[in-house]
Amino acid sequence: PGALGQSDYAVVRFNADGTDDTSFAGDGGTSVAFDYDAANNRVNDTPQRVATAPDGSVFVAGTVQFRTSGGAITALGVAKLKPDGSLDGSFDNTGTGLAAYCRTRCDNVLHVARIVHDAARNRILIGGDHEVGADNTDWFIVDKIPGGNFQQDSYAVDLGGASGIQLAYMTDLAVQADGKPVA
């Protein structure tokens, strides 16, 4: 657990024989805390998916809770770890190695289905679902280039409305050779 009993992201890397890889964070594992105003709001950071890059970097995506004047928000949180297990400050525009994404309307992120590293285009894509009111969910797919911001609403996915699908949950995400996401 993190500060005040809140949950944080945890990442462990193993050797091929199943032992801890001590070249990763010194003992094979590390924790990552977003802790947006943690002392006052008792927030939780919940990892849900992991992806690796060819250089040994690790991306971890999940949900991050924080509070605003309008109440609690659950956003998408992504961390990039270097091959040695330390946070990669070049990943985001704040130098922390952590990036949080809040949809345009700050809808609550419910689930992260997949994080994919697209090495050919030097980007990551993250897909999942978010709440759009009490009786509706929609998918989200966003992309991020290391060192830059998330591309706001990169791929608009609204499965409600005319199609009549009210509760839509993404189960997987892939990137074709031509760079097109498929969910």
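What counts and how
- Residues numbered from 1 in each chain as written.
- Predicted model: local features only at pLDDT ≥ 70, side-chain atom pairs only at ≥ 80, totals over all residues.
- Heavy atoms only, no water.
- Helix = DSSP H or I, 4+ residues; strand = E, 2+ residues; numbered from the N terminus.
- Buried < 20%, exposed > 50% of the residue type's maximum accessible area, 1.4 Å probe, protein only.
- Contact = heavy atoms within 4.5 Å.
- Areas by Shrake-Rupley, 256 points an atom, 1.4 Å probe, with all protein chains shown as cover.
- Salt bridge = Lys/Arg side-chain N within 4 Å of Asp/Glu carboxyl O.

Novice: Even after reading the chapter, I still don't get the overall build of the protein chain, so can you show me in this structure?
Specialist: Scanning the protein chain for helices and strands turns up 1 helix and 11 strands. In the protein chain, the order of α-helices and β-strands from amino to carboxyl end is β-β-α-β-β-β-β-β-β-β-β-β. Looking at the 183 residues of the protein chain, the share that counts as buried comes to 41%. By sequence separation, contacts in the protein chain at least 24 residues apart represent 49% of the contacts at least 6 residues apart. Carbon together with sulfur atoms contributes 51% to the accessible area of the protein chain, which is approximately 8,900 Å² in total.

Novice: Even after reading the chapter, I still don't get unusual backbone geometry, so can you show me in this structure?
Specialist: Peptide bonds are mostly trans, and most non-glycine residues show a negative phi. Despite not being glycine, A25 shows a phi value in the positive range, around 60°. The phi dihedral of N122 is positive, around 50°, even though this residue is not glycine. For N122, the location among the structural elements is in the loop between β7 (109–118) and β8 (123–131). Given the relative accessible area of 43%, N122 is considered partly exposed.

Novice: Looking at this model, I keep getting lost on the pattern of salt bridges. Mind explaining?
Specialist: Should their charged atoms come close, side chains of opposite charge can pair. Counted by the stated rule, this structure contains 7 salt bridges. Measuring nitrogen to oxygen at the nearest pair gives 2.8 Å for the salt bridge that ties D118 to R123. Of the two residues examined, D118 and R123, each falls in the buried class. Across the pair D143 and R123 runs a salt bridge, and its minimum N-O distance is 3.4 Å. One end of the pair, D143, is in strand β9 (residues 137–144); the other, R123, is in strand β8, with 20 residues separating them in the sequence. The class of D143 is buried, set by a relative accessible area of 11%. Residue R123 is classed as buried on the basis of its relative accessible area of 8%. One network of salt bridges, with partners in common, ties together D118, R121, R123 and D143.

All we've got here are geometric facts, nothing functional implied.
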